[in-house]
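Coordinate analysis (summary)
Each chain, written out:
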Amino acid sequence: MTVKAIFGPMRPYQRLLLTVCTATLVGGSLSACFPLVLGGAAAGAMVAIDRRTSGAQLEDEGIELRAMARLRDNIGSRARVSVTSYNRQVLLTGEVLNEQDKKLVEQVVSRVENVTSVVNELAIINSPTLVQRSSDVLITGQVKALLIDSSDIYANAFKVVTERGTVYLMGRVTQREADRATEIVRGARGVQKVVRILEIISEDELRGLVPQPAKPATATRPAGSGG
């Protein structure tokens, strides 16, 4: 699959950023590509604060770090596992060699402090090729760009993970946002399936989370002034 087939026509700055990203991929680092691919598209996007509490955000980072450290101790290098935590709900993606290792990974992660649930999406296959991993990175970049371009949802409310063409959506969103985001993601090139791991909140809860625009000041007439 070509870059053009995945992203479609691109502006000159996007092609430059993607060239840098491709070089990074060849060098073996995948995560560094995200800010490069998305940086040019961020202008004009809807801005929203993270819908998790600050404590939950820190806890999610801690869960990911502790989980990966324990997996290194228990699994070593015989599996490729990615741990993504959102509001203490953990998504496991990647590859293991057998069913026993798949269960072991889930057991290890479920015992990490403050983990409330684990969604185990590990595949029992050999590690994917660099081409497949690169394609997943590009799909994630495209999905994030499409969410940012949308004017009716908050892109920052979603965490996006892609494995072998399957896009996982995590976040605290309303049913309306969940359905709209799913519609957008399904239209992205290369997406085989969309899996929603979402915490659904009400529209009233959303209004309490998103800062409302300030009302314009009303001019007052000085006391005693004439009409």
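Residues numbered from 1 in each chain as written. Predicted model: local features only at pLDDT ≥ 70, side-chain atom pairs only at ≥ 80, totals over all residues. Heavy atoms only, no water.

Attention now goes to the confidence of the model for the protein. Residues at a pLDDT of 70 or more form 71% of the protein, whose mean pLDDT is 82. A low-confidence stretch, residues 1-7 (pLDDT under 50), is modelled with 18 contacts involving residues beyond four sequence positions or located in other chains. Every residue in residues 11-17 is under pLDDT 50, and counting partners more than four places away or in other chains gives five contacts. (pLDDT = per-residue confidence, 0-100. Contact = heavy atoms within 4.5 Å.)

Attention now moves to the nonpolar core. In terms of nonpolar packing, the biggest core is built from 24 residues, with V143, L147, F158, V167, L169, V185 and V191 touching the most fellow members. Within the residue set of this core, elements represented by two or more residues are α6 (130-149), β5 (158-163), β6 (166-173), α7 (175-186) and β7 (193-200). Setting aside residues no more than four positions away along its own chain, V191 makes contact with I139, V143, G165, V167 and V185. L71, V81, V90 and V96 belong to the second-largest nonpolar core, a separate cluster that totals 16 residues. (Core = buried A, V, L, I, M, F, W, Y, C linked by side-chain atoms within 4.5 Å. Buried < 20%, exposed > 50% of the residue type's maximum accessible area, 1.4 Å probe, protein only. Helix = DSSP H or I, 4+ residues; strand = E, 2+ residues; numbered from the N terminus.)

Where side chains of opposite charge bring their charged atoms close, a pairing between them can arise. Within the structure shown, the criterion is met by 18 salt bridges. Put simply, R52 and D60 hold a salt bridge, and the shortest N to O gap is 2.7 Å. Each of the two residues, R52 as well as D60, counts as buried. Among the ionic pairs, E163 bridges to R80, the shortest N-O distance being 2.9 Å. Taken together, the positions of E163 in strand β5 and R80 in strand β1 (residues 80-86) put the pair 83 residues apart, joining distant regions of the chain. Taken individually, E163 and R80 each receive the classification buried, so the pair is uniform in this respect. (Salt bridge = Lys/Arg side-chain N within 4 Å of Asp/Glu carboxyl O.)

Where β6 lies against β7, eight bridges are found, and the strand directions are parallel. In the strand pairing of β7, Y168 is matched with V195. Regarding topology, α7 serves as the crossover connection from β6 to the parallel β7, and that connection is right-handed. (Pairing = 2+ DSSP bridges. Right-handed = clockwise from strand over helix to strand, strands pointing away.)

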